[in-house]
Amino acid sequence: MDSDGMHDARGTHANPVPRPAGPPEVPTVPPRPTHAPGRPTPSAVVDWLNEPRPEVRPGIWRLGYRPSKGADQEQRLSPMTVVGMVIPAVAGLIIWSLWLRGAIPYQWAPLRLVTPDDWWEAATEINAKPGGWGIQAFIAYRGIAFAVLVWAMARLGSWGKVFRHYFARKPQPRRAALTALWAVVALALVFPSAFPGAFWDPVPVVDPLLNLTIALSQGYDLLQSPLFVYSLYTVITLLVMWPFARVGDWRAYGNALLAARRTAGTDGPARPAPMPPAQWPVLRDAGQHRAADLLTADVLAGRMSDVDCARLTHGWRRARLQGRLAEFTDAVLRHGFAALTHPSGARDLPARTALHDLLVGQVRIGRWVGGDRTPLAYGGAGAALEPETLGTSLLVVGPSGSGKTRYVIAPVVESLALQALTGRCAVVAVGAAGAALGPDGSYDVVVRIGDSRSVHDLDPYAGTDNPDEAAALLAEALSGDLDTVSAQRATAALAQLLGPYRAVHGTFPTLPVLRELLEGEPSALTDLRAALTEDRHAVLRRELDARVRQSGTPGDPGPLLADRLALLDRPAFAEFFGSGGDTNRPFSLRAVAHHPLRVRIDLPERGHEEVSRLIARLVLAQFAEVARDGSRDHFVSLVLDDATGTVTSESVRRIQRLRSQKAGVVLALRTVSDVPEPLHGPLFGAVGCRMALSGVTTWDGSRFADAWGTEWVEATDVAQHTVFADQPMTRAMHALRKLVTGKAVTTEAVTVRQVERERWSASELAHGVPPGHAVLSLTSVQGEHAPPLLVDLRG
């Protein structure tokens, strides 16, 4: 496991890891971490580790998440439901009282209809004859009436819904105990004689059933059988308890208890309560008790930071997947909390500005604002971004000064840099020189294009040895934003030169040399043609001859590509793009596909806007190409602080493919107008996460409104109608009321209907988003969605 840790020799890998750009050499014993906003103190690391992180919907800050009070209010029964339960109960009591008094008309007619006439006295309503079975039928009929009345009132009052609502929220075993208590109350009403000291009369359940049995059998023989009587009592008891058992979920709870008892019986003594995460139970469950004890001691002693905990947790998961548990344990036993340190030796960033939860890879960017549009699960909760959502790519649009870099880009870059130290991801941040993307010490590689003090150079060919691939990357950078030259023609022209040149020299040409070849310099083309005399270069000679024939023709893309290369072939960039010799070390973006690197690329300062856009397009094309390497186990991300001029038809197609390649990009734009209009729809469709900050124009807002679509909502229309009276007295009263109030007598007509409306209209996005806020929608790589909701970026 040391190959993933801190004992690699420099340059021994096929893709060596560059060393840090800024920090001094790391001492043998890692220093105690300093504290800053967003970083748990040593005494708080234990609490941070043990804090619950429930599974939530995308975009919710999981650390210590608790459902908002609004969620509890949503679970409460409405007053109308409570009243609807009470009114039928009261009505049922009144009806039963009238029934017992015989005050309901024709209440005995059904009984007289289904029983023989000789059971009753003539000329009476319900008087039973002596020696008949009228008394038994009367009692049974009363019980049936009681059962029908209770069933009808329960249906009208939704008693089942109310009881399920109340008990279903209770956890076990409290839920089972409460329903059992109510079941005992119901049994006491049915069998009061079974409870000493009972002073109430039984509800008509048992006596009606016994008398129904006598009336049907016309005898007492069955009641003289103890088996029948006790069986009947058992059936009554089960029927009374059955609804409470369903509501209390007794069966599932009983099965869980039996399973726990069986497990305890086979595994020996009962298991203790689950260990808190600070005691590393995942290691103990795998039998690695020595390593777990060592790490627990480091946590309790305050020697571990949140980065150390996240790094070792991720290292353990990776070791289990790769079957390298022994190597992981050995590294922990030898180095303790400093095991598996990032190849740079860094265990934290020099400074933090945002809140991070590295165990789940989240960074908090604000707070979801509660409102009518906001689901109760989101209202008041923290808003967070993580690789699960960044893996679908994020588009951020907001004018200058709206807080794109401060509130979104900088926290995301900081989070990805911290996660790189845990081995979970690699990040490439691209911005103008001086952009607030973090100090040099937060990165392993800092490429300052146009700055002679830069330690690293950017390889324009991304370390590839394939001429076609190199040609496609350069063509995207040089002509991707042009309508006059197609990507296919530009790629073909470059490939016709790069292939022959590499075959002769073993490397690709520097940009000045490539510019000469594209311009059709006779001497350069002649020398290259003369070096391809061997038979094995016959195909390359044909390629070069085709390029020579096309040179100077009206449709030749060579001069245009050469003009674009001329922007980079200037004194300010003489030491870059492979032209600087040994003055700086070339850096290939392909390294991020093999190592969890932290890279920052500073674009040229003012006066080189076109060069900056060209380089940004080149970096985006290279990143999308190297991200196709599916053998890595870490997430890779590209963050463009200013994506103006970088979005092309080819780059949109590349972005669409990143979701399945464990990669994502973050694009920040001042306005959607910085993207060619034909690409607006494809761009919004290619990214899964979209953010509109305060201050966007209605024109930009219309693009977001189209992407977010519509939803069905309830619309309530209230209309006032004047009342016209027909009777003279009523007209006089209305006239008097109008004289006193000054208003005509009206009635309200309320109409509630389902209508389809935009989730956010262009006008609302332009004028309804307060400063420091944004509207954000998210999609995870698993396909989970968070609707566009308002976020307070300062919360």
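Note on numbering: residues in each chain are counted from 1, in written sequence order. Two thresholds apply to this predicted model, a pLDDT of at least 70 for residue-level local features and 80 or more for giving and counting side-chain atom pairs, whereas whole-chain, interface and lining totals are computed over all residues. The side-chain quantities take in all heavy atoms of the structure and omit both hydrogens and water.

**Notes on the overall build of the protein chain**
Elements are defined by DSSP. Helices are runs of H or I of four residues or more, strands are runs of E of two residues or more, and each kind is numbered from the N terminus. Scanning the protein chain from N- to C-terminus turns up 28 helices and 16 strands. Remark: exposure states derive from per-residue accessible area (1.4 Å probe, protein chains only) relative to the maximum for the residue type, with buried under 20%, exposed over 50%, and partly exposed in between. For the protein chain, the proportion of its 795 residues judged to be buried stands at 46%. Summed over its atoms, the accessible surface of the protein chain is roughly 39,500 Å², and 57% of this surface lies on carbon and sulfur atoms. For every accessible area listed, the method is Shrake-Rupley and the probe measures 1.4 Å; residues are considered covered only by the protein chains on display.

**Remarks on the pairing of strand β2 (residues 362-368)**
The buried fraction of β2 amounts to five of the seven residues, a majority that puts the element mostly inside the structure. Two strands form a pair only when DSSP identifies at least two bridges running between them. The pairing of strand β1 (residues 355-357) with β2 spans three bridges and is antiparallel. Across the sheet, the residue bridging to Leu355 is Arg364, located in β2. The turn joining β1 and β2, which pair antiparallel and follow one another in sequence, is formed by four residues; a positive phi near 75° is taken by Gly361. Inspection of the sheet shows β2 paired to strand β3 (residues 382-385) by four bridges, in the antiparallel sense. Bridging across to β3, Val363 finds its partner in Leu385. Two strands pair when backbone bridges link them, and β2 and strand β16 (residues 785-792) are joined in this way by two bridges, in the antiparallel orientation.

**Focus: the packing of helix α17 (residues 467-479) against helix α23 (residues 609-626)**
Comment: axis = line fitted to C-alpha atoms, over the contacting stretch for helices; angle = value between 0 and 180 degrees taken between N-to-C directions. Packing of α17 against α23 brings their axes to within 7 Å, and their N-to-C directions diverge by 145°. Considering how the two elements wind past one another, α17 and α23 form a crossing that is right-handed. Here Glu469, Leu473, Leu474, Glu476, Ala477 and Leu478 of α17 come into contact with α23, specifically with Leu614, Arg617, Leu618, Ala621, Gln622 and Glu625. In terms of residue class, the contact of α17 with α23 is built from seven nonpolar, one polar and four charged. With the far helix as reference, a near helix turned anticlockwise by less than a right angle produces a left-handed crossing, and one turned clockwise produces a right-handed crossing. Here, two residues are considered to be in contact whenever any of their heavy atoms come within 4.5 Å of each other. Here the nonpolar group is Ala, Val, Leu, Ile, Met, Phe, Trp, Tyr, Cys and Pro; Asp, Glu, Lys and Arg are the charged ones; every other residue, Gly included, is treated as polar.

**Focus: a nonpolar patch on the surface**
On the surface, Phe163, Leu181, Trp182, Val185 and Leu189 cluster together to form a nonpolar patch covering roughly 440 Å² of accessible area. At four residues, the largest contribution of residues to the nonpolar patch is made by helix α7 (residues 174-190). Within the secondary structure layout, Val185 lies in helix α7. Relative accessible area serves as the criterion here: at 40%, Val185 is assigned to the partly exposed category. For patch building, the residue pool is restricted to those with more than 30% relative accessible area and no salt bridge; the joining distance is 9 Å between like charges and 5 Å between nonpolar side chains (Val, Leu, Ile, Met, Phe, Trp, Tyr). Every case where a carboxyl oxygen of Asp or Glu lies within 4 Å of a side-chain nitrogen of Lys or Arg is listed as a salt bridge.

**So, unusual backbone geometry**
Backbone geometry follows two general trends: most residues other than glycine have a negative phi, and most peptide bonds adopt the trans configuration. Of note in this structure, Leu340 is not a glycine but carries a positive phi near 60°. Within the secondary structure, Leu340 sits in the loop between α14 (325-335) and β1.

**Overview of helix α22 (residues 558-568)**
Residues of α22 that are buried: Gly558, Leu561, Ala562, Arg564, Leu565, Ala566 and Leu568. Where α22 is buried, its residues contact α17, α18 (487-505), α19 (511-519), α21 (538-550) and α23.

**Remarks on helix α24 (residues 649-658)**
For α24, the full list of buried residues reads Ser651, Val652, Arg654, Ile655 and Leu658. For α24, the arc enclosing every buried residue in end-on projection is 160°, short of the 170-degree limit, so these residues lie on one face. The directions from the helix axis to the C-beta atoms form the arc being described.

**Considerations on the environment of Leu517**
With respect to the helices and strands, the residue Leu517 is situated in helix α19. Each residue touching Leu517, except ones within four places of it in the same chain, is listed here: Leu497, Tyr501, Ala524, Leu525 and Leu528.

**Side note on the pattern of salt bridges**
For the coordinates displayed, the defined rule picks out 36 salt bridges. With a shortest N-O distance of 2.7 Å, Asp298 and Arg303 are connected by a salt bridge. We classify Asp298 as buried; its relative accessible area is 4%.

**Quick look at the packing of aromatic side chains**
Between 30 and 60 degrees the pair is tilted, below 30 it is stacked and above 60 it is edge-to-face, where a pair is any two Phe, Tyr or Trp rings, Trp via its six-membered ring, whose centres lie within 6.5 Å. Evaluated as defined, the whole model comprises six aromatic pairs. Plain terms: the ring middles of Trp368 and Tyr378 are 5.2 Å apart, the flat faces sit at 85° to each other, and that makes the pair edge-to-face. With Trp368 in strand β2 and Tyr378 in the loop between β2 and β3, this residue pair connects regions lying ten residues apart in the sequence. Trp368 gets classed as buried once you look at its relative accessible area, which sits at 1%. With a centroid separation of 4.8 Å and 35° between ring planes, the pair formed by Tyr461 and Phe508 is classed as tilted. Separated by 47 residues along the polypeptide, Tyr461 in the loop between β7 (456-458) and α17 and Phe508 in the loop between α18 and α19 bring together distant segments of the chain. Grouping residues by exposure puts Tyr461 and Phe508 together as buried.

**Focus on the environment of His594**
Looking at where His594 falls in the secondary structure, it is placed in the loop between β8 (585-587) and β9 (598-603). When the C-alpha atoms of His594 and Ala627 are compared, they prove to be 10.0 Å apart, with 33 residues separating the residues in sequence.

**Things to note about the environment of Phe724**
Relative to the helices and strands, Phe724 is located in the loop between β13 (710-722) and α27 (728-741). Under the relative-accessibility criterion, Phe724 is labelled exposed at 70%. Separated by 21 residues in sequence, Phe724 and Val745 have C-alpha atoms that sit 8.4 Å apart.

**A look at the packing of helix α20 (residues 522-530) against α21**
What describes two packed helices is the angle between their axes and the distance between those same axes. The N-to-C vectors of α20 and α21 enclose an angle of 160°; their axes lie 10 Å apart at closest approach. Classified by the angle between their axes, α20 and α21 sit roughly antiparallel to one another. For the pair α20 and α21, the sense of crossing is left-handed. The segment α20 lies against α21, with Leu525, Leu528 and Arg529 engaging Arg541, Leu544, Asp545 and Val548. When its residues are assigned to classes, the contact of α20 with α21 shows four nonpolar, no polar and three charged. Angle categories: roughly parallel below 35 degrees, roughly antiparallel above 145, roughly perpendicular from 65 to 115, and oblique for all the rest.

**Re the side chain of Thr329**
Looking at where Thr329 falls in the secondary structure, it is placed in helix α14. Those residues in contact with Thr329, other than ones at most four positions away along the chain, are Gln288 and Ala291.

**Examining the pairing of strand β12 (residues 689-693)**
Most of β12 sits inside the fold, with five of its five residues counted as buried. In β12, alternate side chains face the same way, and those of Cys689, Met691 and Leu693 on one face and Arg690 and Ala692 on the other are all buried. Pairing analysis gives four bridges linking strand β4 (residues 394-397) to β12, with the strands arranged parallel. Looking across to β12, one finds that Leu394 is bridged to Cys689. In this structure, β12 lies alongside strand β15 (residues 773-779), joined through four bridges in antiparallel fashion. Across the sheet, the residue bridging to Ala692 is Val775, located in β15.

**Some thoughts on the confidence of the model for the protein chain**
What pLDDT reports is the predictor's confidence in each residue, on a scale of 0 through 100. Model confidence for the protein chain is summarised by a mean pLDDT of 82, while 88% of its residues fall at 70 or above. When the elements of the protein chain are averaged for pLDDT, helix α2 (residues 69-75) gives the smallest value, 50, and β4 the largest, 96. In this model residues 1-36 is a low-confidence stretch, pLDDT under 50, and it forms 75 contacts with partners more than four residues away in sequence or in other chains.

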